[in-house]
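# What the coordinates show
Residues per chain are reported as follows:
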Amino acid sequence: MVVEEPNSGENVEKTDSGTAVTEPTKIFTIEILHMIKDAQQQHGLRHGDYQRYRGYCTRRIRRLRKALKYPQGDKRHFKRRDVTLAHLSGKKADERFIHIPLISAERAWAYAMQLKQEANTELRKRFHLINKLRRACFYALQLQELCNTDVFDARTKLECEAYVAWMHGTLHFELQLWDSAGEHLKRAQVVYENLAKALPEDDQELYRAKVNEFTPNLRYCAYNISGGASGGKIDEILELRAQGVLENLDVLVSQTKTESSEGLQTIDWRGRKVTVRPEKVRLFLLSTQELDKSLAKTAKLDAKIELIERILMDCKDAIQAVRDEIKQDPKLRSLTTGQTVSGVQYLLAYLSYIRHSRTLQRNLCLVDQAKLNFDDPNQQQQQQTTQSDGKRVRPQDLARLYEIILQNVTEMQQITGMEEDAQYQSEVANLAVTFKAFRCYYIALTLIDMKKWKEAVALYERASNYANESLKGKACAEFELQAELKKMVSTIDGSKFSAHAYSVLEDDNSEDAGGVSTKSQKTTKPLYERLSQYKEDQSLHTRAPNVFKLTPDMEPIPCKPLFFDLAMNYVELPSLEDKLESPGKKGASITGFVKGFLGWGGGGNK
């Protein structure tokens, strides 16, 4: 905030002596949008937490009144005290007084946005929401009354005017007063845009972001003023829904389509008319009619994919509504072979077909998106001008996408109630053959990258056969792929001969191992193992040539035999008792000699 003190516009006061004392008037500059955006980003609105931001505003007002010594009564009694011009002029002028009505308006607006989030489940809170927005407009008018005085500069007056217009536009938008809401929002848009042009480039982005924030609301007001669905701008509502402008936009879309849905009582699909009774199905069928127009206007593939995915979500709800109706009637729960399909079951089959066909359309958009970053070796000259920045796509990635598409086509063949329709089955089968041709083509490109030439030639031939078979059959009117098939057939005619030539060269090189080959070949064998063969190995010219493997490979060798002497246990050794003289026998012989010599020892008794 800037305080300027110009020489003009002086306040004159008289002293006790009667002399006149001049005092310069303070002129304030308040960047309203910058101040409230900083507060919102720092106190909860970065995550959509309006309750936290409301609490911050309450505490901020209390701190301001306490610091400025301007409370509203005391602890027992409340006395309302609004900010007046006297607080912003004179000796004690303080710019913080203008913050009180501004923060009060922000607090009421934050409370209203909190109630808007809760009003989805509790409808009575919408009345409270309107009252809080009225309170926010009341404080905004107080702010404008103070800012239109001479104590504020031109920038503050413009910002205040835009802020008040935006606040009133928000109130009238919730009250569904489209004329006045559009008028106020348009006024805020013009003021913010002109203010941005007058400021430096660094400050312009904030005001442009604010304009982009409420531009969808302005478009919705213009749509309702023009007459709704009868005005022919129903595709704008679908685009607003993609942006997530309003939480209850689904209800508003349903209201705008009510008149058109009354005329959509029956559908005609494949020569049979079926009555449409569920309201969700009627609204969904109206959305599908407008989807093709929106896709034609959209040039970016990402936007097309997003639109199709949103329609698929609505299709899921419509199918569930029809299934709930079938569950209520026990006769419709089972369908035997050969039985005529009832109207409700035929409607379910039609919705299932829409779901699968739209899913197929989305997958084809994914394929087109992937081809932008794919380098086809067979079409290098044509792709030099169509390449885009991004991650490079491999041929196996495209093959995987076509595999998913084939699964989707298989589900289309298995739709309940369409098994006996020979024409439908023929068209879907021809569509499956078409995508098989594309899948085989990209698998062949994958094999070429792997230098598997023979397999690539076989898949080229298979892809060509599938493509010719599809061109002879009856094409599906919804998916025009004939031109792309013919282009692929012409590409295959030249590519398969090139791959066949490479396969022949590979066979010649493998048979003539001792011959001289001018083509550089990669090998994992070191040079000392292939001294009798000549091959150009570029790795020999590098810093790490593959000449000799310093760490030799381990070779199996016989282990040292282990001998176990098992025969020792069975050998009978000779007795050595006669060679040994035991100590007991030696003592007995000496005693007998003594007894015999002396005559006593038992020998005389004999």
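See the structure above.
Report follows, based on the coordinates. These numbers come from a predicted model, not from an experiment.

Conventions and cut-offs
Residues numbered from 1 in each chain as written. Predicted model: local features only at pLDDT ≥ 70, side-chain atom pairs only at ≥ 80, totals over all residues. Heavy atoms only, no water. Helix = DSSP H or I, 4+ residues; strand = E, 2+ residues; numbered from the N terminus. Buried < 20%, exposed > 50% of the residue type's maximum accessible area, 1.4 Å probe, protein only. Contact = heavy atoms within 4.5 Å. Areas by Shrake-Rupley, 256 points an atom, 1.4 Å probe, with all protein chains shown as cover. Expected span 1.5 Å × (residues − 1). Core = buried A, V, L, I, M, F, W, Y, C linked by side-chain atoms within 4.5 Å. Axes fitted to C-alpha atoms, helices over the stretch in contact; angles between N-to-C directions. Parallel < 35°, antiparallel > 145°, perpendicular 65-115°, else oblique. Nonpolar A, V, L, I, M, F, W, Y, C, P; charged D, E, K, R; others polar. Patch = residues over 30% accessible without salt bridge, like charges linked within 9 Å, V, L, I, M, F, W, Y side chains within 5 Å. Salt bridge = Lys/Arg side-chain N within 4 Å of Asp/Glu carboxyl O. Lys, Arg positive; Asp, Glu negative; His and termini not counted. Charge placed at Lys NZ, Arg CZ, Asp CG, Glu CD. Polar contact = N/O pair within 3.5 Å; in protein donor to acceptor, adjacent residues only side chain to side chain.

With that out of the way, let us pick up the overall build of the chain. Of regular secondary structure, the chain possesses 19 helices and six strands. Burial analysis of the chain (606 residues in total) assigns 40% to the buried set. Across the chain, contacts joining residues at least 24 apart in sequence account for 62% of those joining residues at least 6 apart. For the chain, the accessible area works out to roughly 37700 Å², and carbon and sulfur atoms hold 52% of it.

The next thing to look at is helix H15 (residues 395-413). The first and last C-alpha atoms of H15 sit 27 Å apart over 19 residues, in line with the 27 Å expected at 1.5 Å per residue. All of the buried residues in H15 are Pro395, Leu398, Ala399, Tyr402, Ile405, Leu406, Asn408, Val409 and Met412.

Now for helix H13 (residues 343-371). Residues that lie three or four places apart on an α-helix share one face, since the helix turns once every 3.6 residues. Along its 29 residues, H13 runs 42 Å from first to last C-alpha, staying within 8% of the 42 Å computed at 1.5 Å per residue. In terms of burial, H13 is a largely internal element, 21 of the 29 residues being buried.

Moving on, we come to the nonpolar core. Residues Leu285, Leu351 and Phe435 are the most contacted members of the largest nonpolar core, which totals 74 residues. Examining the composition of this core, we find that 15 residues originate from one element, helix H16 (residues 422-449), more than from any other. Leu129, Ala165, Met167 and Val191 belong to the second largest nonpolar core, which has 67 residues in total.

Another aspect to go through is the packing of helix H1 (residues 32-42) against helix H5 (residues 154-174). Look at H1 against H5: their axes get within 9 Å of each other, and the N-to-C directions meet at 60 degrees. The angle between the axes of H1 and H5 places the two elements in the oblique class. Along its contact with H1, which presents Ile32, Leu33 and Ile36, the element H5 presents Thr156, Glu159, Cys160 and Tyr163. Residue composition of the contact of H1 with H5, by class: five nonpolar, one polar and one charged.

So, about a positive patch on the surface. Where like charges cluster on the molecular surface, the positive patch consists of Arg52, Arg59, Arg62 and Arg63. The exposure class of Arg59 is partly exposed, given its relative accessible area of 38%.

Attention now goes to the side chain of Arg155. Along the polypeptide, Arg155 turns up in helix H5. Of note is the side chain of Arg155, whose polar atom sits 3.1 Å from the side chain of Tyr207. For Arg155, the residues in contact, after removing those within four places along its chain, are Glu31, Leu195, Leu199 and Tyr207.

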